[in-house]
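Observations on the three-dimensional arrangement
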Amino acid sequence: MLKNYFKVGFRNLMRHKFFSFVNILGMTIGITACMLIVLFVSHELSYDTFHEKSERIYQVNLHGKIGEQEVYTSTTCAPMAAALRAEFPEVEDATRISYYSNQAFIKFDDQAFVEEKVFYADSNFFEFFSFKLLEGDPANALREPNSIVLTTTLANKYFPEKSALGQLLTVGNENKTFKITGVVEPAPENSHFMYNALISASSSENLQSTMWLNNSLWNYFTLKPNASIDNVKSKFEDLVVKYIGPEIERFMGSTLEQMKDGGGAYGYFVTPLEDIHLSSNAQDGIEPAGNIMYVYFFGAIGIFIILIACINFMNLSTAKSAGRAKEVGLRKTVGSDRSQLIGQFLAESTLFSLISVVLAIGLCYALLPAFNLLSGKALEIESLFNLQFFSVAIALVVVVGIVAGSYPAFYLTSFNTVEVLKGKVRSGAKSKGVRSTLVVFQFAISIFLIIFTLIVVDQLKFMQEKDLGIDKHNVMILQNTNRLGENRQVFKNTLLQQTGIVAASYTNNSFPGVNNTTVFKTSQSEQDHIMGLYYADYDHQDVMKFEMKEGRYFSEDFPSDTTAILLNEAAAAEFGWANAVGEEIIFTFGDGQERLKVIGVYKDFNFESLKDKVRPLSIRLTKNSGNIMIRYEGSPATAIASVEKIWKEQSGNEPFEYTFLDENFDDLFRAEQRMSSVFSVFSGLAIFIACLGLFALAAFTAEQRTKEIGIRKAMGATVTGLTLLLSKEFSRLVFIAFIPAAGLAWYVANNWLDGFAYRIEISPLIFIVSGLLAIGIAWLTVSFQSFMAANVSPTKSLKYE
């Protein structure tokens, strides 16, 4: 019976080649898009699940509030892991990770390299996490001081022809010697933590610190089987009272209770390891986090596109109901019951979906590299051939087949046998309203995607073009200029003598962001305030181009500027000063305090993501620091060549590494840029699939009205008039679809934009353009077919039957 179903289905497919082609093309494109989205979504949801104990691993996060400033950060203190092991019976083990440096200088023989993603890690790192150590002992690879573990990538880079194990490397500005004690596989793509090298935590003084208020590393713990995470959470308050309270009193001069009474807060919360990538609300993650909202968006797009493809099949099947109705009548007459007929139609739709899925798998294989480029992922071809992907493919065959064939199956088999055979069932009499509803649904989805995509593009354009309060263009950044040693000032002076180099400034900060957040108070109040702080030299304003609101910038004419400080407008407002120049603030460090005089207030500039409001920020004076920012004029290539030449003259064999300030800022909204690209592509696909169905439906409608067209032409109707007559019904449906689509798009886009502190206001023009675009596309699709039908000679039209 099943074989017969598919045989008849194949005959029908071949008999109606045009409509079969439209159905298969639409379904293939829709299923391809859906499969790619499934790969993307499943990859996003799989982060950190490869760890053996991933369901029991948690990251410790910090929540603090002082004054009007509130922080949620994933960085906590060095003594946390030991305290968790010693004082929490529910905790099985704990470990720590800390940055070694943004850029680590590594030397071997006469070669020098600059490597990113170099971290300190505790000795139990490889027992705690499930990263694969290929060479070395997992229990001891990071136990001894001055031990380093390399990824296979670095090991092959440094030692292509021999084992890296036991070799010696010179690392860092201090030129310390480290022994390679292990070789590890690179972290999987779906890890929230990527590394190139790991250094033993016992090599770091910072990780030996007993300070609880020094939050600069990441702490994790494993919960014992069957232990309650709620018990752990409830004990964090005791930890704060025991360790944080005394340090607050020691360094801030007030008790923990006084801080809380003043509206402050200090406490810990946890994030499950598997939630860090998509669902953590803590900042300062090791890697840029994903966004669960985008996963929902892409998942919804995949479902929408599949629905549009299924609707095409439904529409064309019900439109051709007259011809199939006679078939149903004859089958019922010779003894077929309704369940068999339903099976026949479902088998036909499943055949269409099977062919489409097979073609879609081939398309996925061909398009995966382009999709990786579009989405910023590194999904591998092998992911197309695993059990999970084939399970999705089989599910799509069944689900799409049933969804696409369900209405035709149940609708066509409901006809009365006698009336069908007497010819009393008019083509589409009952199904026209259903087809109209489905067309409205198709284009409502398409219009929603058009509107939302245009709003995303508009917001991205706004973020790229927004005046940040600084000039981010034509600024090159070199990090770790400490490698120059005594030549740092000579290097800067030589740079300034070059044609095209406008200004240069040393700073300890890496923009965007601020490396240090510190507690200050005024000389008139005991209220603590959180403020960002970085150091820069006398020429920093010339490079950054921010404007002073009052007072002045640092000057060599004022030796007292070593104890001066500059505030931004947000900091002045935080302290409650209308005129901040001349005021004093107290900077607490260790057991000491320093009084700093405010000599100027500069206008707020965006030094972080536009998702966040500008927060209080201050600048102190330094003459030499780790990074140098260089403003240039003219060609970037010329500037790079000029700077590199001087670098090599001053640094010898040290590697030359640079970035550009504008590119660093653009990286802050790279996820939004990718989302915009993906939305644009899939919106185009959704519209194309909808138009395919509309085109075929218009062709069938024109075919049904062939005699009417002939009569109207014989009576004097023009081609233009007939084209408008045949097209207006579909244009009306698209107009109806616009109303719910616009409302839903406004609601979703407004919620998305609320995630940005600096956002556009949604322009009515976007809705007008989207509506006209959708109607224009639909009209062109239908009118072409209508024009072809209206252009046929009346003689041929009237001889049609």
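Our structure is the block above this text.
How each quantity is defined
- Residues numbered from 1 in each chain as written.
- Predicted model: local features only at pLDDT ≥ 70, side-chain atom pairs only at ≥ 80, totals over all residues.
- Heavy atoms only, no water.
- Helix = DSSP H or I, 4+ residues; strand = E, 2+ residues; numbered from the N terminus.
- Contact = heavy atoms within 4.5 Å.
- 1 Å grid on protein atoms, 1.4 Å probe; cavity = no way out; pocket = protein on both sides within 12 Å on 5 of 7 lines; lining within 4 Å.
- Points joined across faces, edges and corners; volume = space filled by probe spheres on them.
- Nonpolar A, V, L, I, M, F, W, Y, C, P; charged D, E, K, R; others polar.
- Phe/Tyr/Trp six-rings, centres within 6.5 Å; stacked < 30°, edge-to-face > 60°.
- Lys NZ or Arg CZ within 6 Å of the ring centre and 35° of its normal.
- Buried < 20%, exposed > 50% of the residue type's maximum accessible area, 1.4 Å probe, protein only.
- Pairing = 2+ DSSP bridges.

1. Points about the environment of threonine 622
One can find threonine 622 in the loop between strand S23 (617–621) and strand S24 (627–632). Sequence separation between threonine 622 and threonine 562 is 60 residues, and the spatial gap between their C-alpha atoms is 7.8 Å. The residues contacting threonine 622, other than those within four sequence positions of it, are Tyr506, Tyr535, Ala536 and Asp537.

2. Observations concerning empty space enclosed by the protein
Under the criterion given, the structure shown has three cavities of 30 Å³ or more. Estimates place the volume of the largest cavity at around 120 Å³. Lining the largest cavity are 14 residues, with Ser609, Leu610, Phe665, Leu668 and Phe669 sitting closest to its centre. Here the lining of the largest cavity is composed, by residue class, of seven nonpolar, two polar and five charged. Estimates place the volume of the second largest cavity at around 40 Å³.

3. A few points about the packing of aromatic side chains
Under the definition given, this model contains 47 aromatic pairs. Within the aromatic cluster, the residues linked to one another by ring pairs are Phe50, Tyr99, Phe119, Phe125, Phe126, Phe128, Phe129, Phe131, Phe193, Tyr195, Trp218 and Tyr220. The ring of phenylalanine 558 carries arginine 552 above its face, with NZ or CZ at 3.7 Å from the centroid.

4. Re the pairing of strand S6 (residues 111–115)
With four of its five residues buried, S6 lies for the most part within the structure. Judged from the five bridges that link them, strand S5 (residues 104–108) and S6 form a sheet pairing that is antiparallel. Across the sheet, the residue bridging to lysine 107 is alanine 112, located in S6. In textbook terms, the turn of a hairpin is the stretch between consecutive antiparallel strands, and for S5 and S6 this stretch comprises two residues, one of which, aspartate 109, has a positive phi near 55°.

Note that all results are geometric; they support no functional claim without further evidence.
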